[in-house]
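Coordinates in review
What follows is each chain in one-letter form.
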Amino acid sequence: MTKPMYKQFRSPQGWYSFLFPATWEHMVVEEIPAFFHPDGGGALQVYAFESKLEDFNVDQELENYLKIHEIDYDAENVAVFENNEGSSIRACEFLKEDRVWMVYMVANRSRMLLVTYNSDEEVGDDLFQQLTNIISSVRFLN
């Protein structure tokens, strides 16, 4: 029997799930799930938000997040796409204090995930593809 290439993570609240590489480990620290390769220098963290008032404006949320981290928002440096579930996704990367940051916003109406990957190592093509696969697999449940 072959080993699976991906494992599924389902949020403790049960309202989102995604796939992550089977070679990675994960833990939940202060209710924030973190995923990482045991031999890697970075970690992927997932923050979940739900709005009771209105749908999320994913572009505005990304701009606000970057502003908090003193990063200038430049729409030309933001990747815009949708996954098969119809979720709006924004992605960008920046360097701060010698760490590489990959920031993803995934929103579907009143639910949103902020997913960050930060590392003291450069993000190579294989890792970039793994991160893209994780983000593309996000499913909002219920």
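Our subject is the structure that appears above.
Quick look at the structure, then. Keep in mind that this is a model prediction, so the values were computed, not measured. (Residues numbered from 1 in each chain as written. Predicted model: local features only at pLDDT ≥ 70, side-chain atom pairs only at ≥ 80, totals over all residues. Heavy atoms only, no water.)

**Thoughts on the pattern of salt bridges**
Where charged atoms from two side chains of opposite charge approach closely, those side chains can pair. We apply this condition: A carboxyl oxygen of Asp or Glu within 4 Å of a side-chain nitrogen of Lys or Arg is what we treat as a salt bridge. Note on conventions: DSSP H or I runs of at least 4 residues are helices, E runs of at least 2 residues are strands, and numbering of each starts at the N terminus. For the exposure calls, accessible area comes from a 1.4 Å probe over protein chains only, and a residue counts as buried if that area is under 20% of its type's maximum, exposed if over 50%, partly exposed in between.
Within the structure shown, the criterion is met by four salt bridges. Between E50 and K52 there is a salt bridge; the shortest N-O distance is 3.8 Å. Across the pair E50 and R111 runs a salt bridge, and its minimum N-O distance is 3.1 Å. One end of the pair, E50, is in strand β5 (residues 42–50); the other, R111, is in strand β9 (residues 111–119), with 61 residues separating them in the sequence. Looking at E50, the relative accessible area reads 38%, which means it is partly exposed. Judged by its relative accessible area of 15%, R111 falls in the buried class. Within this structure, E50, K52 and R111 form a network of salt bridges that share partners.

**What about the pairing of β5?**
For clarity, the cut-off: Note on pairing: two strands pair once DSSP finds at least 2 bridges between them.
Two elements, strand β4 (residues 32–36) and β5, share two bridges in a ladder whose sense is antiparallel. In the strand pairing of β5, A34 is matched with Q45. The turn joining β4 and β5, which pair antiparallel and follow one another in sequence, is formed by five residues. In this structure, β5 lies alongside β9, joined through nine bridges in antiparallel fashion. By the bridge assignment, A48 is partnered in β9 with L113.

**So, helix α1 (residues 58–68)**
Inclusion rule: What the arc measures is the spread of directions leading from the helix axis to the C-beta atoms. Note on contacts: a residue pair qualifies if any of its non-hydrogen atoms lie within 4.5 Å across the two residues. Polar contacts here mean pairs of N or O atoms no more than 3.5 Å apart (in protein, one a potential hydrogen donor and the other a potential acceptor; neighbouring residues in sequence count only if both atoms are side-chain atoms).
Buried within α1 we find V58, L62, Y65 and L66. The buried residues of α1 occupy an angular sector of 95 degrees when projected down its axis, which confines them to one face. Residues of α1 that are exposed and angled more than 90 degrees away from the buried face: K67 and I68. Elements that come into contact with the buried residues of α1 comprise β7 (88–96), β8 (99–108) and β9. The residue sitting at the N-terminus of α1 and contributing the capping side-chain oxygen is N57; that oxygen lies 3.1 Å from the backbone nitrogen of D59. Just downstream of α1 lies E70, where phi reads positive at about 60 degrees.

**Description of the nonpolar core**
Basically, it comes down to this: In this description, a nonpolar core means a group of buried Ala, Val, Leu, Ile, Met, Phe, Trp, Tyr and Cys residues linked to one another through side-chain atoms lying within 4.5 Å.
Membership of the largest hydrophobic core comes to 25 residues, with the highest contact counts inside it found for Y16, F18, W24, F35, L44, L113 and L131. Of all the secondary structure elements, the ones that give two or more residues to this core are β2 (16–21), β5, β7, β8, β9 and α2 (125–136). Here F35 is in contact with F9, F18, F20, W24, E25, H26, A43, L44 and V46, once residues within four sequence places are set aside. Among the nonpolar cores identified, the runner-up in size contains 14 residues, and I71, C92, A107 and L114 belong to it.

**Re the environment of G42**
Assignment of secondary structure puts G42 in strand β5. For the pair G42 and W101, spaced 59 residues apart in sequence, the C-alpha separation works out to 9.5 Å. Those residues in contact with G42 that lie beyond four places of it in its chain are F36, Y117, N118 and S119.

**Some remarks on the side chain of N108**
Along the polypeptide, N108 turns up in strand β8. By relative accessible area, N108 is classed as buried at 15%. One polar contact links N108 to R109, side chain to side chain, over a distance of 3.4 Å. If sequence neighbours within four positions are ignored, N108 has contacts with E85, G86, S87 and F140.

In short, geometric facts, not functional conclusions.
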